[in-house]
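Chain by chain, the residues:
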Amino acid sequence: MTFLAIDIGNTRLKWALYAAGHPGAELLASGAEFLDHIERLAEGPWADMASPTAMLGCAVAGDAVRRRAEEQVTERFDCAARWVVASPAEAGMVNGYDHPTRLGADRWVAMIGARHRMLAQGAPRPMVVVMIGTAVTVEAIDADGRFLGGLILPGHGIMLRALESGTAGLHVPTGDVREFPTNTSDALTSGGTYAIAGAVERMRQHVKVHCGAEPACYMTGGAGWKMAPSMVSPFELVDGLIMDGLLVIAEARAAV
């Protein structure tokens, strides 16, 4: 009963094959492809892989990219391509967005994965869930599993490109994060890093006041490791939180 999980972000498609569709299942294989190279999957890393029993994914890169991924799945495997869309409630989470289906699937799946992780660690707590990628999202969830709301802000790359395009003389190499930057490269890198860290810390404070308890804080995403040293409050850096969420959802749907 193997299970294929797919996460299509703004830059890359990540995939993972598990021995079963539930949390804690053994990871059999995994990989990633840049979106420009999705067509390589069927004849590349998936060429010798046995067909999974089921597949579930989330996609934020648009319908055209999702269809290209579907074509690779159906070309190579004997299973249907299924995709998560945010809903009013699923797998123990309640969606507090004004229009629940408009919430990004990656945000929804990551929150579900984070809640499962938090409950496995102890008593229910509020949470702050941060994804660091092309864009940065900062989500607030109360102890009952209700999504309270979240922030979206540009990631490092978008911030730097915006400054370069709008300001003369800022085409400089990426610098380092410094408390007191003394060159333009370090000033740009430090400014973007601390802008993200400040937004996360503000949300953590909001959740603590609103819920009356210190939230459990999780960070994921391809650039999470870059941000972790600059965070104000302790965060658990989790690799593959979206994959964890897909496993939780797959198990919950199978039980219905």
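Since this is a predicted model, take the numbers as computed values, not measurements. (Residues numbered from 1 in each chain as written. Predicted model: local features only at pLDDT ≥ 70, side-chain atom pairs only at ≥ 80, totals over all residues. Heavy atoms only, no water.)

Asks: For this particular structure, what's the right way to read the pairing of strand S2 (residues 12-18)?
Replies: The side chains of a regular strand alternate between the sheet's two faces. Within S2, 5 of the 7 residues are buried, which leaves it mostly tucked inside the rest of the structure. Inspection of the sheet shows strand S1 (residues 3-8) paired to S2 by 6 bridges, in the antiparallel sense. For Ile-8, the partnering residue across the bridge sits in S2 and is Leu-13. Between S1 and S2, which pair antiparallel in sequence order, lie 3 residues. Inspection of the sheet shows S2 paired to strand S3 (residues 27-34) by 7 bridges, in the antiparallel sense. Its bridge partner lying in S3, Trp-15 is registered against Gly-31. (Buried < 20%, exposed > 50% of the residue type's maximum accessible area, 1.4 Å probe, protein only. Helix = DSSP H or I, 4+ residues; strand = E, 2+ residues; numbered from the N terminus. Pairing = 2+ DSSP bridges.)

Asks: Can you help me understand the nonpolar core in this one?
Replies: The nonpolar side chains of a soluble globular protein tend to be buried, and buried together. Counting 36 residues, the largest nonpolar core has Tyr-18, Trp-108, Met-127, Tyr-218 and Leu-246 as its most contacted members. Elements with a minimum of two residues in this core: S1, S2, strand S4 (54-59), helix H2 (105-121), strand S7 (127-132), strand S10 (216-220) and helix H6 (241-255). If we skip the residues at most four places from it in the chain, Leu-246 touches Phe-3, Ala-5, Ile-6, Leu-56, Gly-57, Cys-58, Val-84 and Val-109. The next biggest cluster of nonpolar side chains, apart from the first, holds 19 residues, and it includes Val-128, Met-203, Val-207 and Met-219. (Core = buried A, V, L, I, M, F, W, Y, C linked by side-chain atoms within 4.5 Å. Contact = heavy atoms within 4.5 Å.)

Asks: Can you walk me through the confidence of the model for the protein in this structure?
Replies: Reading predicted coordinates in detail is not appropriate for stretches of low pLDDT. Confidence in the prediction of the protein, expressed as mean pLDDT, is 93, and 98% of residues score 70 or more. Mean pLDDT across the elements of the protein ranges from a minimum in helix H3 (residues 156-166), with 82, to a maximum in strand S6 (residues 93-95), with 98. (pLDDT = per-residue confidence, 0-100.)

Asks: Explain the packing of aromatic side chains to me, please; I cannot follow it from the model alone.
Replies: Here a ring pair, both rings aromatic, is described through the centre-centre distance and the interplanar angle of the planes. One pass over the full model with this rule turns up 3 aromatic pairs. Each ring, one from Trp-15 and one from Trp-46, has its centre 6.0 Å from the other, and the planes form 85 degrees; the classification is edge-to-face. In this pair, Trp-15 is assigned in strand S2 and Trp-46 in the loop between S3 and S4, connecting sequence segments 31 residues apart. The pair formed by Trp-15 and Trp-46 is uniform in burial state, with each residue classed as buried. In textbook terms, an aromatic cluster arises when at least three aromatic residues are bridged by ring pairs, as seen for Trp-15, Trp-46 and Phe-77. (Phe/Tyr/Trp six-rings, centres within 6.5 Å; stacked < 30°, edge-to-face > 60°.)

Asks: Would you take a moment to explain the sheet that holds S7 for this structure?
Replies: Within a beta sheet, neighbouring strands are joined by backbone hydrogen bonds and run either parallel or antiparallel to one another. Pairing is mixed in the open sheet, where 7 strands are placed in the order S5-S6-S9-S8-S7-S10-S11. Since the sheet does not close on itself, it has two edges, and those belong to strand S5 (89-90) and strand S11 (236-237), each with one partner. With 2 bridges joining them, S5 and S6 adopt antiparallel strand pairing. Looking at S6, one finds that Ala-89 is bridged to Val-94. Relative to the sheet, helix H4 (residues 184-211) contacts S7, strand S8 (135-141), strand S9 (146-154) and S10, its axis offset from that of S9 by approximately 165 degrees. (Axes fitted to C-alpha atoms, helices over the stretch in contact; angles between N-to-C directions.)

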